[in-house]
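# Survey of secondary and tertiary structure
One-letter residues, chain by chain:
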Amino acid sequence: MTSSTTPDIARFNALEEAAATAALHEACASSAWGSKLLSQRPYATAEDLFAASDAAMAELTADDLAEAMAGHPPIGRPKPGDPTSSREQRGMAGASEELKTEMLELNLAYQEKFGHVFLICATGRTGEQMRDAVKERIGNSPEQEREIVRSELGKINRIRLTRLLEEQTA
């Protein structure tokens, strides 16, 4: 990213509030996160936006995190007609039926233990890597898992914000 104002961030800064709110909600379903990012516009650089995203993510309450997670479908079951979740979960697309079944069972066990979907930054991960991650993380305490989820959401938000800025230049 450049240190001067780039066209992508300038376009994001210029969006009307309703359009910016909708765009941020597409990136992350937490209204607290989106409000925090909106309140800090304009941003000089994309890095400033990413830093604001990270800071807002660190401040989210348990309820805010739950709201953010509600916007994510289970791994292996992207939202029908949603190109974002399909793209992010591409690693599961070619998975065997056996792996998909195993992932479904692990997702259900994880959800039963923690009360929410298994959340991982799936971009660039294979189905096997995601399966191994849920197997490893299911042994965590709820407190450990909440902080891992916060970190994973932060990674997802950066990817989605990057895509948002790229779409602004198209």
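The following refers to the structure shown. Computed from a predicted structure; not experimentally measured.

## Topic: the nonpolar core
- The biggest cluster of nonpolar side chains holds 43 residues, and the ones touching the most others in it are Trp-33 and Leu-161.
- Contributing elements (two or more residues each) for this core: helix 1 (7–14), helix 2 (17–27), helix 3 (31–39), helix 4 (46–59), helix 5 (62–69), helix 8 (97–114), helix 9 (127–137) and helix 10 (142–169).

## Examining the packing of helix 8 against helix 9
- At a closest axis distance of 10 Å, the pairing of helix 8 and helix 9 adopts a crossing angle of 30°. Taken together, the axis directions place helix 8 and helix 9 in an arrangement best described as roughly parallel. Where helix 8 crosses over helix 9, the handedness of that crossing is left-handed. Residue-level contacts link Leu-99, Glu-102, Met-103, Leu-106, Tyr-110 and Phe-114 of helix 8 to Gly-127, Glu-128, Met-130, Arg-131, Val-134, Lys-135 and Arg-137 of helix 9.
- Here the contact of helix 8 with helix 9 is built from residues that sort into seven nonpolar, one polar and five charged.

## Observations concerning the packing of aromatic side chains
- Enumeration over the complete set of coordinates arrives at three aromatic pairs.
- Taken together, a centroid distance of 6.4 Å and an interplanar angle of 35° make the contact between Phe-12 and Tyr-43 tilted. Residue Phe-12 is found in helix 1, and its partner Tyr-43 is found in the loop between helix 3 and helix 4; the two are separated by 31 residues along the sequence.
- With centroids separated by 4.6 Å and ring planes inclined at 45°, the aromatic side chains of Tyr-110 and Phe-114 adopt a geometry described as tilted. Note that Tyr-110 and Phe-114 are positioned in helix 8 at a spacing of four residues, about one turn of the helix.
- Of the residues examined, Tyr-110 reaches a relative accessible area of 0% and is grouped as buried.
- Given the relative accessible area of 14%, Phe-114 is considered buried.
- Among the aromatic residues, ring-to-ring pairing joins Tyr-110, Phe-114 and Phe-118 into one connected group.
- Taking NZ or CZ as reference, Arg-41 lies 5.6 Å from the ring centre of Phe-12, over its face.

## Some details on the side chain of Ser-53
- Counting through the fold element by element, Ser-53 comes out in helix 4.
- Ignoring anything within four residues of it in the chain, the contact list for Ser-53 reads Trp-33, Leu-37, Asn-157 and Leu-161.

What counts and what doesn't
- Along each chain, the written sequence defines residue order, and numbers are assigned to residues from 1.
- Totals for whole chains, interfaces and linings use every residue, but because this is a predicted model, local features are given only for residues with pLDDT of at least 70 and side-chain atom pairs only at 80 or more, for both listing and counting.
- In computing side-chain properties, one takes all heavy atoms of the structure into account and sets aside hydrogens as well as water.
- The criterion is simple. A nonpolar core is a set of buried Ala, Val, Leu, Ile, Met, Phe, Trp, Tyr and Cys residues joined through side-chain atoms within 4.5 Å.
- For each residue, the accessible area found with a 1.4 Å probe, counting protein chains only, is set against the maximum for its type, and the residue is called buried under 20%, exposed over 50%, and partly exposed in between.
- Secondary structure follows DSSP: runs of H or I at least 4 residues long count as helices, runs of E at least 2 residues long count as strands, and numbering of each begins at the N terminus.
- Fitting a line to C-alpha atoms yields each axis, with helices limited to the stretch in contact; the angle taken between N-to-C directions then spans 0 to 180 degrees.
- Oblique is the label for any angle not covered by the other classes, which are roughly parallel (under 35 degrees), roughly antiparallel (over 145) and roughly perpendicular (65 to 115).
- Two helices that cross are described as forming a left-handed crossing if the nearer one is turned anticlockwise from the farther one by less than a right angle, and a right-handed crossing if clockwise.
- Here a residue-residue contact requires only that any non-hydrogen atoms of the pair lie within 4.5 Å.
- Under the scheme applied here, ten amino acids are nonpolar (Ala, Val, Leu, Ile, Met, Phe, Trp, Tyr, Cys and Pro), four are charged (Asp, Glu, Lys and Arg), and all others, including Gly, are polar.
- Pairs were defined over the aromatic rings of Phe, Tyr and Trp, the Trp ring being its six-membered one, requiring ring centres within 6.5 Å. Orientation was assigned from the angle between planes: stacked under 30 degrees, edge-to-face over 60, tilted for the rest.
- A positively charged side chain is recorded as over a ring if its NZ (Lys) or CZ (Arg) lies within 6 Å of the ring centre. The angle to the ring normal must also be within 35 degrees.

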